[in-house]
Structure formats: structure tokens, C-alpha cells
Amino acid sequence: MPSAYAHLVLLSFGKQVDRAHYAPHSPYEDSPQYIGHEATISAPHMHAMAMENLLHYLTPSAASPAPRVLDIGSGSGYLTHLFAELVGERGLVVGLEHIPALRQIGEENMRKSTEGMKLLDSGKVKFRVGDGRLGLKEPARRGEEAHGTDWDVIHVGASAKELHQALLDQLKAPGCMFIPIDDDPSGVMQSVWRISKDKEGKVTKKNICGVRYVKLTDPPT
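Here the structure is a predicted model, which is why all the values come from computation and not from measurement. (Residues numbered from 1 in each chain as written. Predicted model: local features only at pLDDT ≥ 70, side-chain atom pairs only at ≥ 80, totals over all residues. Heavy atoms only, no water.)

A few words now on unusual backbone geometry. Note the cis peptide between A173 and P174, where omega equals 5°. Backbone geometry at S26 places phi at a positive 45°, although glycine is not the residue there. Following the sequence through the fold, S26 ends up in the loop between α1 (4-14) and β1 (33-36). Backbone geometry places H37, a non-glycine residue, at a positive phi of 60°. Looking at the secondary structure, you find H37 in the loop between β1 and β2 (39-41). What makes H37 partly exposed here is its relative accessible area of 40%. (Helix = DSSP H or I, 4+ residues; strand = E, 2+ residues; numbered from the N terminus. Buried < 20%, exposed > 50% of the residue type's maximum accessible area, 1.4 Å probe, protein only.)

Okay, the packing of aromatic side chains next. Pairs of aromatic rings are described using the distance from one ring centre to the other and the angle between the two planes. Summed over the entire model, instances satisfying the criterion amount to one aromatic pair. Seen from the ring of Y78, R19 lies directly overhead, with NZ or CZ sitting 5.7 Å from the centre. When the ring centre of W151 is taken as reference, the NZ or CZ atom of R68 above it lies at 4.5 Å. (Phe/Tyr/Trp six-rings, centres within 6.5 Å; stacked < 30°, edge-to-face > 60°. Lys NZ or Arg CZ within 6 Å of the ring centre and 35° of its normal.)

This part covers helix α2 (residues 44-58). Helix length check: α2, at 15 residues, gives a terminal C-alpha distance of 18 Å against a target of 21 Å (1.5 Å per residue), a shortfall beyond 12%. Of all the bends in α2, the greatest measures close to 40° and is centred on E52. α2 sits mainly inside the fold: 13 of its 15 residues count as buried. (Expected span 1.5 Å × (residues − 1). Bend = angle between axes of the 7 residues up to and from the residue.)

Another point: helix α5 (residues 114-122). Among the residues of α5, G116, L119 and L120 are the ones counted as buried. Taken down its axis, α5 places every buried residue within 95° of arc, on the same side. Within α5, the exposed residues directed more than 90 degrees away from the buried face are T114, K118 and D121. Against the buried residues of α5 lie α3 (78-84), α4 (100-110) and β5 (125-129). Residue G123 follows α5 closely and has a positive phi angle near 85°. (Arc of directions from axis to C-beta. Contact = heavy atoms within 4.5 Å.)

Here it is in C-alpha cells:
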């Protein structure tokens, strides 16, 4: 379970990012909510866990003054918005969905608030359609080309069959990934992993806990 500190972080940003704009019902309950297209918005405690594990890499620093975040399986857009509140004026957050309708839902939800509209209109937040298993080659924001097109943070909001090499390749050094993986032989549960890469490119993997996520699947035909 996430720490009390993580809950405080989530509550603090929750004052700016109203979960009611993103969850279709019972937005403040600590439970996942179905949003259609076989997708859910995760329970608040899972969002807190993701924030706790990624927070160090989300905020601007001397090493990364313009953090870039890829939110795979962005769904409702809620966590995408939370990330955008942390990356600073020069950062970039991209929500990636393989179903166009879900991509549209995320953007429409963000436009329900004045702050969300500003983030989208400024280009600080974008929503894209694509195969999350392949990552995304998103150009840098204007003026930030020197910081490259790889990602300081990759958050995966659906369970992958494996740690896809394309995602690992696109993770900056240093950088961090939060990803659930189907590694339970019974197929009932998954494990959520924290994948970190240091400045020399050394990769460290930490199994955080067992979880149950929707699957990271092929896009519909």
C-alpha cells in the first residue's frame, strides 16, 4: 500500500484536479470505476502508489529541467492531469490510448476544468492514439529540443505481457517506469514493477506488490 505521504500528495493535487471530472460515478470512493471500452479509472490508492514511486522524476531538476512523461493507457485522463501539475512550465505529458474513443474521453474530461483547458491549449498536455507497447516518439516542445524525445517517466496503466524493450529503450537515463506485468503463472494477478535507470544507464527492477489491472491489449480492428 502507498505511504501516508503519497496520500497527502494525491489529496493536495486533488484540490486542483477534481476526480469528479474523470470518474463517471462515486468519484471519491477508494475503488476503480468503469469508464467504458473495457477500461477503468484506477482506485485512488493505486494512483497514490504510482505518484509515490515516480515523484522524484516528475518534478523539474538540474538534471531534467523539462520532464517528459508518457502515460500509457491514460483512460480517463485523471493521472495525466496530475502528472501535468508536477512537471513545471517546460515539461510535457502525453496520454497514449489505443482506442480513439478513450483518447477523446481523456481530453474531454480535462477540458471540464479551466486549468485542464489551459494545459491542453498550451501544449503541455497532449493525448495521442497508438500502441503503448511500442512507446511513442513525440517531438519535444518548442525550445526544449536539447532535452531529446525520450521519457523521464513512463507510467503504464494496464497490465503488459512483459517489460517491452521499446519502453525500456525510450526511458531516459536517469528515468523511471511504473508498469504492471502479467507474471503470475495462475493468470489471476499481476505484479506492479518500478523500473529505474540511473545516469549510466544501469537498470534496476523492483517488484512493488500484486495488483489486478485491465490488460494492455491489441487495438480493436
